[in-house]
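# Chain and residue survey
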Amino acid sequence: SMEDESQFDEAAGEMIERIEMDSGEDENEAMEEAEGVQQEQSVSDVYLPGKKLADDEELICDGTAYHMYHRAQSGHPCLSFDIIRDKLGMNRTEYPMTCYLVGGTQSGRGKDTLIVMKMHNLHRTSKEKDEDDDDAASDSDESVDGEEPEMETAMLEHRGSVNRVRVSSIGDGQLVATWSDAGNVHIWDITRQLAAVDNPVAQSARSAKGKKANREREDPVFTFSGHQKEGFAMDWSTTVISHR
């Protein structure tokens, strides 16, 4: 009868709908499982010294660990560097930042360099927490106009590789102690070099006159040759001014 056919069609429709719902649930479960496996595979691990890396593993810098991260190269490797104290204020929190550094090279050729550096226009590289997700997902390597970091350098010739560098503020000046691989400890006055990195235009003018703009040959203000061997640990006294 027509009534029986209607009941049969209704039951069949419910059965088809149920099958489609079950099929959709199975697909969703399968997708969730696949996403879970993918997330497990992409989970990063913190490297600890002494841990052996697998053939398919590599160390990657986690940029989210830093508010600000910039890189620079010195040509030859520097085993030691120190931060030069400036007069720009303590506990600075506003960007862009500025810092002064000094490092000593180890070229292995006997002709090395003491490098005085000024790094400035250092902007924040990580995103603020309250920024949009779209901004947070943008490529952190993309630079914004006017936000490229800048570095000025002034160099002193140094005989032998520099094992250790330490800076001390004496009055308004800055003295740098270096311990070379020849066993000698030198003390340098870097007042002129600091003035040079603060005024790169003047350095360029000197270069135009035939002088090397960022590399000079000066004698240390003091040299101690009493050590029989080279050393790697050295610092200035924090209780007596100008004592090592």
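Residues numbered from 1 in each chain as written. Predicted model: local features only at pLDDT ≥ 70, side-chain atom pairs only at ≥ 80, totals over all residues. Heavy atoms only, no water.

## Notes on the side chain of His 120
Locating His 120 in the fold gives a position in strand 3 (residues 111–122). On the basis of relative accessibility, which here comes to 16%, the residue His 120 falls in the buried class. In this view, His 120 contacts Met 97, Thr 98, Pro 149, Glu 150, Met 151 and Glu 152; residues no more than four positions away in its chain are not counted. (Helix = DSSP H or I, 4+ residues; strand = E, 2+ residues; numbered from the N terminus. Buried < 20%, exposed > 50% of the residue type's maximum accessible area, 1.4 Å probe, protein only. Contact = heavy atoms within 4.5 Å.)

## Focus: the environment of Gly 171
Residue position: Gly 171 is located in the loop between strand 5 (162–170) and strand 6 (173–180). Judged by relative accessible area, Gly 171 falls into the exposed class, the value being 72%. Sequence spacing of Gly 171 and Ile 241 is 70 residues, and the spatial spacing of their C-alpha atoms is 9.5 Å.

## Details of the environment of Arg 217
If you trace the backbone, Arg 217 turns up in the loop between strand 8 (215–216) and strand 9 (222–224). A relative accessible area of 63% places Arg 217 in the exposed class. Taking the C-alpha atoms as reference points, Arg 217 and Glu 157, 60 residues apart in sequence, are found 5.3 Å from one another. With residues near it in sequence (within four places) discarded, Arg 217 still touches Glu 157 and Arg 159.

## Some words on the pairing of strand 5
Pairing analysis gives eight bridges linking strand 5 to strand 6, with the strands arranged antiparallel. By the bridge assignment, Arg 166 is partnered in strand 6 with Ala 177. Two successive antiparallel strands, strand 5 and strand 6, enclose a turn made up of two residues, where Gly 171 displays a positive phi of approximately 65°. (Pairing = 2+ DSSP bridges.)

## Examining helix 3 (residues 191–198)
Those residues of helix 3 not exposed but buried are Gln 193, Leu 194, Ala 196 and Val 197. One side of helix 3 carries all its buried residues, which in axial view fall inside an arc of 155°. (Arc of directions from axis to C-beta.)

## Details of the nonpolar core
One finds Ile 84, Val 102, Leu 114, Val 176 and Ile 190 to be the most contacted residues of the largest nonpolar core, which totals 16 residues. Mapped onto this core, the elements with two or more residues apiece are strand 2 (97–105), strand 3, strand 4 (150–159), strand 5 and helix 3. Beyond its immediate stretch of four places on either side in the chain, Val 102 contacts Phe 81, Asp 82, Ile 84, Leu 114, Ile 115, Val 116, Met 117, Val 165, Val 167 and Val 176. If you look at the next biggest cluster of nonpolar residues, it comprises seven residues, including Met 97, Met 117, Met 119 and Leu 122. (Core = buried A, V, L, I, M, F, W, Y, C linked by side-chain atoms within 4.5 Å.)

## So, the pattern of salt bridges
Following the criterion strictly, the structure yields five salt bridges and no others. When the shortest N-O distance is used, the salt bridge between Asp 86 and Arg 92 registers 3.0 Å. Overall, the relative accessible area of 31% leaves Arg 92 in the partly exposed class. In this structure, the salt-bridge partner of Arg 192 is Glu 218, at a minimum N-O distance of 3.0 Å. Taken together, the residues Arg 192 in helix 3 and Glu 218 in the loop between strand 8 and strand 9 connect sequence positions 26 residues apart. (Salt bridge = Lys/Arg side-chain N within 4 Å of Asp/Glu carboxyl O.)

## Observations regarding the sheet that holds strand 7 (residues 185–189)
Read across the open sheet, the four strands follow the order 5-6-7-9; overall the sheet is antiparallel. One side of each edge strand has no neighbouring strand; the edge strands of this open sheet are strand 5 and strand 9. Put simply, the sheet's adjacent strands are angled 20° from each other on average, direction ignored. In the sheet, strand 7 pairs with strand 9 via three bridges, with the strands oriented antiparallel. Opposite Ile 187, over in strand 9, you have Phe 222 as the bridge partner. (Axes fitted to C-alpha atoms, helices over the stretch in contact; angles between N-to-C directions.)

## Considerations on the confidence of the model for the protein chain
Counting all residues, the mean pLDDT for the protein chain is 79, and 68% of those residues have values of 70 or more. Across the protein chain, element-level confidence peaks in strand 2 with a mean pLDDT of 96 and bottoms out in helix 2 (residues 133–136) with 50. Confidence over residues 136–140 falls short of pLDDT 50; this stretch has three contacts with residues more than four positions distant or in other chains. (pLDDT = per-residue confidence, 0-100.)

## Examining the environment of Gly 110
Structurally, Gly 110 can be placed in the loop between strand 2 and strand 3. Given a relative accessible area of 40%, Gly 110 falls into the partly exposed group. Placed 48 residues apart in sequence, Gly 110 and His 158 show a C-alpha to C-alpha distance of 8.4 Å.

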